[in-house]
Amino acid sequence: MEGPAAEEAEARVELLERGEETVAETRPAVVGSTGDDPEPHFLGWLGEVDPDELFASGEAWGLTVVRQAKK
């Protein structure tokens, strides 16, 4: 790899290896659209919210599960 992006990635890896930079803890989040808000948005944490039930009920659509930082 070459260029500024590669240099930045290498520098971050070095910081992580030395423990000088922390990695945000993440967990699976359900994101989708609803009648109240047609733009994709956070609906809840996977396990607390069942994307299959939401879709089957018609309450939400365009559902995806993404990794999101814990708050």
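Before any of the text, the structure's been laid out above.
Bear in mind the structure is a predicted one, so any value in this text is a computation, not a measurement. (Residues numbered from 1 in each chain as written. Predicted model: local features only at pLDDT ≥ 70, side-chain atom pairs only at ≥ 80, totals over all residues. Heavy atoms only, no water.)

Thoughts on the overall build of the protein
What the protein contains, in helices and strands, is 2 helices and 3 strands. Listing every helix and strand of the protein by position from the N terminus yields α-β-β-α-β. Against the compact-globule benchmark of 11 Å for 71 residues, the protein has a radius of gyration of 18 Å, which places it well outside the compact range. Scored against the burial criterion, the 71 residues of the protein give a buried share of 20%. The contacts of the protein with a sequence gap of at least 6 include a subset with a gap of at least 24, amounting to 48%. The centroid of the 6 positive side-chain charges in the protein is displaced by 7 Å from the centroid of its 17 negative side-chain charges. (Helix = DSSP H or I, 4+ residues; strand = E, 2+ residues; numbered from the N terminus. Rg over C-alpha atoms; globule rule 2.2 N^0.38 Å. Buried < 20%, exposed > 50% of the residue type's maximum accessible area, 1.4 Å probe, protein only. Contact = heavy atoms within 4.5 Å. Lys, Arg positive; Asp, Glu negative; His and termini not counted. Charge placed at Lys NZ, Arg CZ, Asp CG, Glu CD.)

Overview of the sheet that holds strand E1 (residues 26–34)
The 3 strands are arranged E2-E1-E3 in an open sheet whose pairing can be described as antiparallel. Each edge of the open sheet is held by one strand with a lone partner, namely strand E2 (41–45) and strand E3 (60–69). Taking the axes of each pair of neighbouring strands and ignoring which way they run, one obtains an average angle of 40° across the sheet. Relative to E3, E1 runs antiparallel, the two sharing 8 bridges. Looking at the pairing, Val31 lines up with Thr64 of E3. (Pairing = 2+ DSSP bridges. Axes fitted to C-alpha atoms, helices over the stretch in contact; angles between N-to-C directions.)

Remarks on the pattern of salt bridges
Following the criterion strictly, the structure yields 1 salt bridge and no others. Between Arg27 and Glu48 there is a salt bridge, and its shortest N-O distance comes to 3.3 Å. On the criterion of sequence distance, the pair formed by Arg27 in strand E1 and Glu48 in the loop between E2 and helix H2 (51–57) is long-range, its members being 21 residues apart. Its relative accessible area of 59% is what places Glu48 among the exposed residues. (Salt bridge = Lys/Arg side-chain N within 4 Å of Asp/Glu carboxyl O.)

Here we look at the environment of Thr64
Position of Thr64 relative to the elements: it lies in strand E3. Between the C-alpha atom of Thr64 and that of Pro40, which follows or precedes it by 24 residues, the distance is 9.2 Å. If sequence neighbours within four positions are ignored, Thr64 has contacts with Ala29, Val30 and Val31.

Some remarks on a negative patch on the surface
On the surface, Glu7, Glu10, Glu14 and Glu17 cluster together into a patch of negative charge. You can see Glu10 is positioned in helix H1 (residues 4–18). (Patch = residues over 30% accessible without salt bridge, like charges linked within 9 Å, V, L, I, M, F, W, Y side chains within 5 Å. Areas by Shrake-Rupley, 256 points an atom, 1.4 Å probe, with all protein chains shown as cover.)

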